[in-house]
Amino acid sequence: MFAWIKYLPVLMICLLVSACASSVVPPARYMLPSDNTASAPDQPQGTLRLSAPRLAHYLDVDGIVMQLDDITLNAAREHQWAEGLGRQLERALRARLSHALPTLRVIRAEGTQPDALTLRLEVNHFQGRFDGLAIASGQWQLLDDDGALLAMDNFHAETPLEEDGYPALVRALSSSWNQSAELIASQIRQGNYFD
C-alpha cells in the first residue's frame, strides 16, 4: 500500500526541475526616442490634421521586425514595442511636423476642423535589415477639407545602425522616421497648400 513512497523523492525532483524550466524571462520593451515638441503658433497660417498611420499588416505586431534576407521577415518575441507602433509613429510624426512647419497647427485627426488639410500615411516598411540598415518607407497623401487629393508621394529613408543590438536598431529606426517626416514637411512647404 505504501510502495509509492519510495518514488516520492524522484517525483519531487521532477516537479522542481519542471518549475525551473517553465520560468519565462519577460521581453525587453522599447519606445521610439521622444522629440522635443514645438509649441503651437499663436496665429497659425493653417491646420494640418494628421491621421494615424496605416501599418502594413506584418508591422502591426508587438515584436520589432527584422528582415533576415531579401524575403524573410521575423518579428522578435523577446524585443517588443512598449506601446503600439502606430501610436508611437503618429506621436513622433506630429512632433517632427510641428517643428518643421512652425506656422501650422498640427493636430490629431479627431472630429471636424474647418479648412484643415489632412495628412494620411501608409507605412510599408519599418524594420531592421540584414545589411545593417533601418528602413522606413511608405506613401503619404494630402487631402483638402472636402477629401479631395491635393498631393501624394512616396517616402523612403535608411539609417545605418551604429552598433549591433535592438537599442541601436530602435534609435536608427527613429532616425529614419524623422528623415521621412522632414521629407514630407519639405514637400508640403514647397506645395504652398496653406497660402
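Rules and cut-offs
Residues numbered from 1 in each chain as written. Predicted model: local features only at pLDDT ≥ 70, side-chain atom pairs only at ≥ 80, totals over all residues. Heavy atoms only, no water. Helix = DSSP H or I, 4+ residues; strand = E, 2+ residues; numbered from the N terminus. Contact = heavy atoms within 4.5 Å. Salt bridge = Lys/Arg side-chain N within 4 Å of Asp/Glu carboxyl O. Axes fitted to C-alpha atoms, helices over the stretch in contact; angles between N-to-C directions. Parallel < 35°, antiparallel > 145°, perpendicular 65-115°, else oblique. Left-handed = near helix turned anticlockwise from the far one by under 90°. Nonpolar A, V, L, I, M, F, W, Y, C, P; charged D, E, K, R; others polar. Phe/Tyr/Trp six-rings, centres within 6.5 Å; stacked < 30°, edge-to-face > 60°. Buried < 20%, exposed > 50% of the residue type's maximum accessible area, 1.4 Å probe, protein only. Pairing = 2+ DSSP bridges.

## Considering the overall build of the chain
The number of helices and strands found in the chain is three helices and nine strands. Listed N to C, the secondary structure of the chain is α-β-β-β-β-β-α-β-β-β-β-α in terms of helices and strands. The long-range share in the chain, meaning contacts at least 24 apart out of those at least 6 apart in sequence, stands at 66%.

## A few points about the pattern of salt bridges
Under the criterion given, the structure shown has nine salt bridges. With a shortest N-O distance of 3.5 Å, Arg54 and Glu122 are connected by a salt bridge. Residue Arg54 is found in strand E3 (residues 54–55), and its partner Glu122 is found in strand E7 (residues 117–129); the two are separated by 68 residues along the sequence. Measuring nitrogen to oxygen at the nearest pair gives 3.3 Å for the salt bridge that ties Arg96 to Glu182.

## Side note on the packing of helix H2 (residues 85–100) against helix H3 (residues 166–191)
The N-to-C vectors of H2 and H3 enclose an angle of 45°; their axes lie 9 Å apart at closest approach. By the angle class used here, H2 and H3 are oblique. You can see that H2 and H3 cross each other, and the crossing is right-handed. Contacts between H2 and H3 pair Leu89, Ala92, Leu93, Arg96, Leu97 and Ala100 from the former with Trp177, Asn178, Ala181, Glu182, Ala185 and Arg189 from the latter. By residue class, the composition of the contact of H2 with H3 is eight nonpolar, one polar and three charged.

## Points about the packing of aromatic side chains
Under the criterion given, the structure shown has four aromatic pairs. Summarising the aromatic geometry, the rings of Trp81 and Phe126 are spaced 6.3 Å apart at their centres and angled 40° between planes, so their arrangement reads as tilted. Separated by 45 residues along the polypeptide, Trp81 in strand E5 (residues 73–81) and Phe126 in strand E7 bring together distant segments of the chain. Neither Trp81 nor Phe126 differs from the other in exposure class; each is buried. Put simply, the rings of Trp81, Phe126, Phe155 and Trp177 pair up and form one aromatic cluster.

## A few points about unusual backbone geometry
Phi angles above zero are rare outside glycine, and Asn192 is one such case at about 50°. In this structure Asn192 comes out as partly exposed when scored by relative accessible area, which is 47%.

## Examining the environment of Asn74
Along the chain, Asn74 turns up in strand E5. Accessibility expressed as a relative area gives 36% for Asn74, which makes it partly exposed. Residues Asn74 and Tyr58, spaced 16 residues apart in sequence, show a C-alpha to C-alpha distance of 9.2 Å.

## Looking at the pairing of strand E8 (residues 133–143)
Across the eleven residues that make up E8, a large majority, ten, are buried. Once E7 ends, the chain turns through three residues before running back antiparallel as E8, passing Gly132 with a positive phi of about 85°. As judged from the eleven bridges shared by E8 and strand E9 (residues 149–160), these two strands associate in the antiparallel manner. When the sheet's bridge partners are listed, Trp140 is paired in E9 with Asp153.

## A closer look at the side chain of Gln127
When you line up the elements, Gln127 lands in strand E7. Not counting the four nearest positions on each side in its chain, Gln127 is found in contact with Tyr58, Leu59, Val65, Gln67, Leu73, Leu133, Ala134, Ile135 and Leu173.

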